[in-house]
Protein chains: 2
Amino acid sequence: MAEALRIGIAGLGTVGASVVRMLAAKQAELTRQCGRGIVPVAVSARDRGKDRGVDLSQAQWFDDPVALARAPGIEVFVELIGGEDGPALAAVRAALEAGRHVVTANKALLSRHGVELATIAEEKGVLLNYEAAVAGGIPVIKTMREALAGNRVNRVFGILNGTANYILTRMEAEGIDFETCLAEAQRLGYAEADPTFDIEGHDTAHKLSILTSLAFGCRISARDIYMEGISNITQADIRAASELGYRIKLLGVAQKTESGIEQRVHPTMVPVSSVIAQVHGVTNAVAIETDMLGELLLSGPGAGGDATASAVIGDIADIAKSRPGFQHGPVFGWPARALTPYQRARMRAHAGGYFIRLTVYDRTGVFAAIAGRMAENDISLESIVQHGDATEEAHKTVVLVTHETTEAAVRKAVTEITQDGHLTTKPQVIRIERAA
Amino acid sequence: MAEALRIGIAGLGTVGASVVRMLAAKQAELTRQCGRGIVPVAVSARDRGKDRGVDLSQAQWFDDPVALARAPGIEVFVELIGGEDGPALAAVRAALEAGRHVVTANKALLSRHGVELATIAEEKGVLLNYEAAVAGGIPVIKTMREALAGNRVNRVFGILNGTANYILTRMEAEGIDFETCLAEAQRLGYAEADPTFDIEGHDTAHKLSILTSLAFGCRISARDIYMEGISNITQADIRAASELGYRIKLLGVAQKTESGIEQRVHPTMVPVSSVIAQVHGVTNAVAIETDMLGELLLSGPGAGGDATASAVIGDIADIAKSRPGFQHGPVFGWPARALTPYQRARMRAHAGGYFIRLTVYDRTGVFAAIAGRMAENDISLESIVQHGDATEEAHKTVVLVTHETTEAAVRKAVTEITQDGHLTTKPQVIRIERAA
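Residues numbered from 1 in each chain as written. Chains lettered and ligands numbered in written order. Predicted model: local features only at pLDDT ≥ 70, side-chain atom pairs only at ≥ 80, totals over all residues. Heavy atoms only, no water.

The name recorded for chain A in an unreviewed UniProt entry is Homoserine dehydrogenase, from Chelativorans intermedius. The UniProt entry for chain A carries the following comment under Sequence similarities (unreviewed entry): "Belongs to the homoserine dehydrogenase family." (UniProt positions renumbered as here; feature names shortened; annotations may be inferred.)

Below, the structure written as structure tokens:
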């Protein structure tokens, strides 16, 4: 049997501690599967004294992750520090430059520096594996990078943030409003004290930017992502969606269009009969639509120490099975130097169906005026529902669902309707997404 | 750039022709992804003269697939002939013995001879890839063999046959009976003239046996699979399931229990709110439940020329990316010689919930007698629903849903109820399966 694979782990938070514990518990299985053992010979973290419930007595301690990344005798550097710059970036760069394979769970780092790091990895002939960076334990990177070789991706979309999905799921199941639900999620530890990163879509955008590069062979560009969060979703939206056969999910969507690539993160109506509509709570899901395969969907735990550790260990095992001299596939499916510049499609050119909820003054002719503005902008309607508002007799709710139209047309029509003075409150516009 | 990978393809039916066409159409992408081209330099099929709509002029023709498998200059032998013995077996064996990598879509072959073939492949140090053999284009083999390294699987289950799922989906959507639906499926080409293989569960069993080996590191044993088909599912079952919050799917389930491994294929009630319940029509799905990850679900096209070709090409691309000297992971996750004997759990020991539908004579005391038999066998009931039968006043329908109990207890209770003389027709018993 070959010698054990010697790895160094930087970052011993929830995921790091789980990786160390699982490697110890599963030594026999991993050895049988990989043809050799996997041994953490060195570790690094901020606080050496902290009790993490794992045995680190056999591993050399480093205060500096960069020194660990360069340490002789380390074949794989596992980066679980987090953060898009700082020590994580310095250590990963140092490891790759020193010819070490790297495994990372760091979506922010890859979203910002992925192409540069991939270029170094490919020049040095080492692997840069990052399954845990997107959708936790779901093997979406392996699927897109390896299983779908030769497929041309048309669209990739998914539920990539467990906190947002947890909140939307509870809002629908229990009929409670966004603020109450967020407070509950914070109390239970599903949402951070500052929840902006999760609920406004930044986390989803980081992950989406990586999937976009894998899907379309373009450079990563997280700054070009159109983003709307879920904080303005109300019970009225959820109820109206349900009546019309839809469910609201925070999706990240990347799609090839004639004018470029759309990357967008926003609350989205998906058909309630679709598979992705059944993805509840903190579970994540990714759907990939290709020319050869049609739609493939993967769903599973998107976070959590053990689920994320599973992806990290899968990445390490792939390296353990390889041998010196092995020529690896490129980090983002296409060689880093061949990735094309990201060409952003204009959001105003986005084509799709729209859900529009308007609260209007109960006056004669309002309904006709709204329908007229839609027609003037060439927006054809799939359905139009008018409700009395039980709590406010002078107001009515009008819900419109459009056939495929453009973002520009919808924005123009809604602005005109607003300027016409019919609305009592801000209009709500939610995009509809096809899903199998 | 390295030299192109030279492959030989035996079998030019729907999948084989699609592989040839896609390799030609996607030469540039594949070369960029793999670092070298993939060229079919030789082909074999039964009828040389047939027009398959693909250009074979650059490939050498072989009448004998075994001769192709051994032909010098072939690095990968792609077996798309089909059949568990005969030329497919002879050719795959010959290719492996000659030190060629093999890619196959042949579930029947692997189900019967997989361990023997894996042993040869591992001795010769070549790859035996078979993504297309289970669930078509869904990358379940790659996920189980690579991504889930170190995970201990508790249960794997799935919708593995598109024909059966298509029939069940239409029966529910349109309220038509099994025979009408089957005839429709045959007319549309979704079911064979002899549909036994699909609807009685044999096809599901073949695929399940491969997943079982990957999940539990045991030898493949398709002959030990408990099997029930869907031909006795009625509208009464589908309606009762729906009222109780379930949907009926033909599942293959493999599960580790105290007494061994359960492998079973049968119509199954799954919660209508589960992801797998939304898998409609010819789509397939596989759920994998592990200690580290929880439940992971993959769904997508389980058949069709291009979807299956996608899996075959993914397998070939993995070989194209590897280089001589690369040590491959074992064919079934564990080295073939280390696979444990399959230890079959007794079906009577199966523990789970049950749906029981009885048509009874409308006599005083029948209801109490049935409830009494359940209690005598220690079966606790989650719900019991009694319906009048509109078409037959003298009959009533009783639907019972049990809490977790054993197959032995349910069989005994149902036999006793039948012998008590209360039933007007054969009782219907459908197992319930947990699903996320």
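This paragraph deals with the interface of chain A and chain B. In this assembly, 55 residues from chain A lie in contact with 56 residues from chain B. Its largest share of buried area at the contact with chain B, chain A owes to A:R32, A:Q33 and A:M292, together 15% of the area lost on that side. Between the two partners, chain A and chain B, sit 6 salt bridges. Put simply, A:E29 and B:R152 hold a salt bridge, and the shortest N to O gap is 2.5 Å. Across the contact surface, chain A and chain B share 22 residue pairs in polar contact (both at pLDDT 80 or more). Listed by contribution, the elements that provide at least two residues to the side of chain A that touches chain B are α2 (27–34), α6 (140–147), β12 (294–301) and α12 (305–321) of chain A. Ranked by the residues each element gives to the side of chain A that touches chain B, the list is headed by α12(A), at 9 residues. A per-class count over the side of chain A that touches chain B returns 25 nonpolar, 17 polar and 13 charged. Relative to strand β12 (residues 294–301) of chain B, β12(A) runs antiparallel, the two sharing 3 bridges. Note on β12(B): the bridge partner recorded for A:L298 is B:L298. (Contact = heavy atoms within 4.5 Å. Buried area = accessible area lost by both parts, 1.4 Å probe. Salt bridge = Lys/Arg side-chain N within 4 Å of Asp/Glu carboxyl O. Polar contact = N/O pair within 3.5 Å; in protein donor to acceptor, adjacent residues only side chain to side chain. Helix = DSSP H or I, 4+ residues; strand = E, 2+ residues; numbered from the N terminus. Nonpolar A, V, L, I, M, F, W, Y, C, P; charged D, E, K, R; others polar. Pairing = 2+ DSSP bridges.)

A few words on α6(A). Across the 8 residues of α6(A), 8 count as buried, placing the element largely inside the fold. Every buried residue of α6(A) is listed here: A:V140, A:I141, A:K142, A:T143, A:M144, A:R145, A:E146 and A:A147. (Buried < 20%, exposed > 50% of the residue type's maximum accessible area, 1.4 Å probe, protein only.)

We now examine helix α11 (residues 235–243) of chain A. All names here are of chain A. The complete set of buried residues in α11 reads Q235, D237, I238, A240 and A241. Buried residues along α11 sit against α7 (162–174), β9 (246–257), β10 (260–271), β13 (351–361), β15 (395–402) and β17 (428–432). Of the residues trailing α11, G245 is marked for its positive phi of about 85 degrees.

Turning our eyes to something else, we now look at the sheet that holds strand β2 (residues 38–44) of chain B. Strand pairing in a sheet relies on backbone hydrogen bonds, with the paired strands running either antiparallel or parallel. Residue and element names in this part refer to chain B. With parallel pairing, 6 strands are arranged side by side in an open sheet as β3-β2-β1-β4-β5-β6. Edge positions in the open sheet fall to β3 (60–62) and β6 (128–129), since each of these has one partner strand only. With 6 bridges joining them, strand β1 (residues 5–10) and β2 adopt parallel strand pairing. Its bridge partner being in β2, I7 is matched across the sheet by P40.

All names here are of chain A. On the surface, L188, Y190 and V282 cluster together into a nonpolar patch covering about 250 Å² of accessible area. Structurally, Y190 is set in the loop between α8 (178–187) and α9 (196–199). Relative accessible area serves as the criterion here: at 40%, Y190 is assigned to the partly exposed category. (Patch = residues over 30% accessible without salt bridge, like charges linked within 9 Å, V, L, I, M, F, W, Y side chains within 5 Å. Areas by Shrake-Rupley, 256 points an atom, 1.4 Å probe, with all protein chains shown as cover.)

It is worth spelling out the pattern of salt bridges at this point. Residues and elements named next belong to chain A. Applying the stated criterion to the full structure yields 68 salt bridges over all chains. D203 is the partner of K107 in a salt bridge, and the nearest nitrogen-oxygen pair spans 3.5 Å. In this pair, K107 is assigned in helix α5 (residues 107–124) and D203 in helix α10 (residues 202–216), connecting sequence segments 96 residues apart. By relative accessible area, D203 is classed as buried at 3%. Among the salt bridges present, the one from R373 reaches D420, with a minimum N-O distance of 2.8 Å. Pair noted here: R373 is in helix α13 (residues 366–376) and D420 is in the loop between α14 (407–419) and β17, with a separation of 47 residues, a long-range link. For R373, a relative accessible area of 22% translates into the label partly exposed.

Turning to the relation of the copies chain A and chain B, a few remarks are in order. For these two chains of identical sequence, chain A goes onto chain B by a turn of 180 degrees and a shift of 0.0 Å along the axis, with RMSD 0.0 Å. Those values place the two copies in the arrangement expected of a two-fold rotation axis. No C-alpha of chain A approaches the rotation axis more nearly than that of A:L298, which lies at 2.3 Å. A shared binding surface is used by both copies, with 100% of the interface residues of chain A retained as interface residues in chain B. (Least-squares fit on C-alpha atoms with pLDDT ≥ 70 in both.)

This next bit is on the sheet that holds strand β4 (residues 76–79) of chain A. All names here are of chain A. The strand order across the open sheet formed by 6 strands is β3-β2-β1-β4-β5-β6, and the pairing between neighbours is parallel. At either end of the open sheet lies a strand with only one pairing partner, and these are β3 (60–62) and β6 (128–129). Alignment of strand β5 (residues 101–104) against β6, held across 2 bridges, turns out to be parallel. Residue pairing across strands places V102 opposite L128, the latter belonging to β6. Running at roughly 165 degrees to β4, helix α4 (residues 86–97) makes contact with β4 and β5 of the sheet. (Axes fitted to C-alpha atoms, helices over the stretch in contact; angles between N-to-C directions.)

Turning our eyes to something else, we now look at the state of the cysteines. Covalent bonding between the sulfur atoms of two cysteines is what defines a disulfide. The final tally for this structure, using the stated rule, is 0 disulfides over all chains. Left unpaired, A:C34 is separated from the closest cysteine sulfur, that of B:C218, by 20 Å. (Disulfide = S-S within 2.5 Å.)

This part covers the packing of aromatic side chains. All names here are of chain A. Evaluated as defined, the whole model comprises 4 aromatic pairs over all chains. Judged by centre distance (5.4 Å) and plane angle (45 degrees), the ring pair of Y130 and F332 falls under tilted. Placement of Y130 in the loop between β6 and α6 and of F332 in the loop between α12 and β13 is noted, with a sequence separation of 202 residues between them. Of the two residues, Y130 and F332, neither departs from the other in class, the shared state being buried. (Phe/Tyr/Trp six-rings, centres within 6.5 Å; stacked < 30°, edge-to-face > 60°.)

All names here are of chain B. One way to put it is that helix α6 (residues 140–147) packs onto helix α10 (residues 202–216) with a least axis distance of 10 Å and a crossing angle of 15 degrees. Taken together, the axes of α6 and α10 are roughly parallel relative to one another. Crossing of α6 over α10 shows left-handed handedness. Each of V140, I141, M144 and R145 in α6 lies in contact with α10, whose residues at this interface are I210, L211, L214 and A215. Considered class by class, the residues forming the contact of α6 with α10 number 7 nonpolar, no polar and 1 charged. (Parallel < 35°, antiparallel > 145°, perpendicular 65-115°, else oblique. Left-handed = near helix turned anticlockwise from the far one by under 90°.)

Residue and element names in this part refer to chain A. Each assigned domain of chain A is listed with its residue range as follows: domain 1 (5–137 + 305–337), domain 2 (143–301) and domain 3 (349–432). Distance between the C-alpha centres of domain 1 and domain 2: 27 Å. Tallying the contact residues gives 22 residues for domain 1 and 20 residues for domain 2. Interface area, domain 1 with domain 2, both sides summed: about 1600 Å², of which 64% is carbon and sulfur. On the domain 1 side of the contact with domain 2, K107, S111 and V134 bury the most area, a combined 31% of that side's loss. Taken together, the connections running from domain 1 to domain 2 amount to 1 salt bridge. The tally of links from domain 1 across to domain 2 stands at 6 residue pairs in polar contact (both at pLDDT 80 or more). Of all the elements in the fold, those that place two or more residues in the side of domain 1 that touches domain 2 are α5, β6 and α12. (Domains from an automatic or database assignment.)

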